[in-house]
Amino acid sequence: MTGGSEPLDTRHGQYLGPWGNLGSQPQKGIITYAISANRQRPLAGTMHTAVFNTWRRSRAQLLFVVPPFAVAYLAVDWAVKKNEYYNSKPGRMAEAAEAEGADMNSGPVRG
């Protein structure tokens, strides 16, 4: 065993070798190829995949999103039309006639 800069196997007290060959014999006959990062096409097919993945995910959520929005739209549309009717001349006349009819039907209270 040698000095302090070499990695040691603390369990067996053996030299493990430099980084990359920790605890193993040097390999022979293995060929590795590499290509630099600026030569690769990291975004190849991204636009095509993004379009179809977005379509697939949106289609899957359609039944969860559309019905509540449709109900909310119909409710707001109904309320706006009802409000416009109540604040128009025919609506006010109908309310006045309804209020007059309610007063005539009530009459004196007999007990």
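Per an unreviewed UniProt entry, the recorded name for the chain is Cytochrome b-c1 complex subunit 8, and the organism is Cladonia borealis. Quoted verbatim from the Function (unreviewed entry) field of the UniProt record, the comment on the chain reads "Component of the ubiquinol-cytochrome c oxidoreductase, a multisubunit transmembrane complex that is part of the mitochondrial electron transport chain which drives oxidative phosphorylation. The complex plays an important role in the uptake of multiple carbon sources present in different host niches." Looking at the chain in UniProt, the text filed under Subcellular location (unreviewed entry) is "Mitochondrion inner membrane".

## Quick look at the overall build of the chain
Tallying secondary structure elements over the chain gives two helices and two strands in all. Reading the chain from its N terminus to its C terminus gives the helix and strand order β-β-α-α. For the chain, the residues scored as buried account for 3% of the 111 residues in total. As presented, the chain carries roughly 10,900 Å² of accessible surface, and 61% of it is formed by carbon and sulfur atoms.

## Quick notes on a nonpolar patch on the surface
Taken together, the side chains of Leu-62, Phe-64, Val-65, Val-66 and Phe-69 make up a nonpolar region of the molecular surface, amounting to roughly 530 Å² of accessible area. Classification of Phe-69 as exposed rests on a relative accessible area of 60%.

## Examining the packing of aromatic side chains
Taken as a whole and judged by the stated rule, the model has one aromatic pair. With a centroid separation of 6.1 Å and an interplanar angle of 45°, the aromatic rings of Tyr-85 and Tyr-86 are classed as tilted. Residue class for Tyr-86 comes out partly exposed when judged on its relative accessible area of 37%.

## Focus on the pattern of salt bridges
Counted under the stated rule, the structure contains one salt bridge. A salt bridge links Asp-77 to Lys-81; the shortest N-O distance between them is 3.4 Å. Of this pair, Asp-77 and Lys-81 are both found in helix 1 (residues 46-86), four residues apart, which corresponds to roughly one turn of the helix. On the basis of relative accessible area, Asp-77 is assigned to the partly exposed category, the value being 27%. Its relative accessible area of 53% is what places Lys-81 among the exposed residues.

## Here we look at the confidence of the model for the chain
Per-residue confidence for the chain gives a mean pLDDT of 81; residues scoring 70 or more make up 67%. Ranking the elements of the chain by mean pLDDT puts strand 1 (residues 8-9) last with 58 and helix 1 first with 95.

Rules used in this analysis
- Residues numbered from 1 in each chain as written.
- Predicted model: local features only at pLDDT ≥ 70, side-chain atom pairs only at ≥ 80, totals over all residues.
- Heavy atoms only, no water.
- UniProt positions renumbered as here; feature names shortened; annotations may be inferred.
- Helix = DSSP H or I, 4+ residues; strand = E, 2+ residues; numbered from the N terminus.
- Buried < 20%, exposed > 50% of the residue type's maximum accessible area, 1.4 Å probe, protein only.
- Areas by Shrake-Rupley, 256 points an atom, 1.4 Å probe, with all protein chains shown as cover.
- Patch = residues over 30% accessible without salt bridge, like charges linked within 9 Å, V, L, I, M, F, W, Y side chains within 5 Å.
- Salt bridge = Lys/Arg side-chain N within 4 Å of Asp/Glu carboxyl O.
- Phe/Tyr/Trp six-rings, centres within 6.5 Å; stacked < 30°, edge-to-face > 60°.
- pLDDT = per-residue confidence, 0-100.

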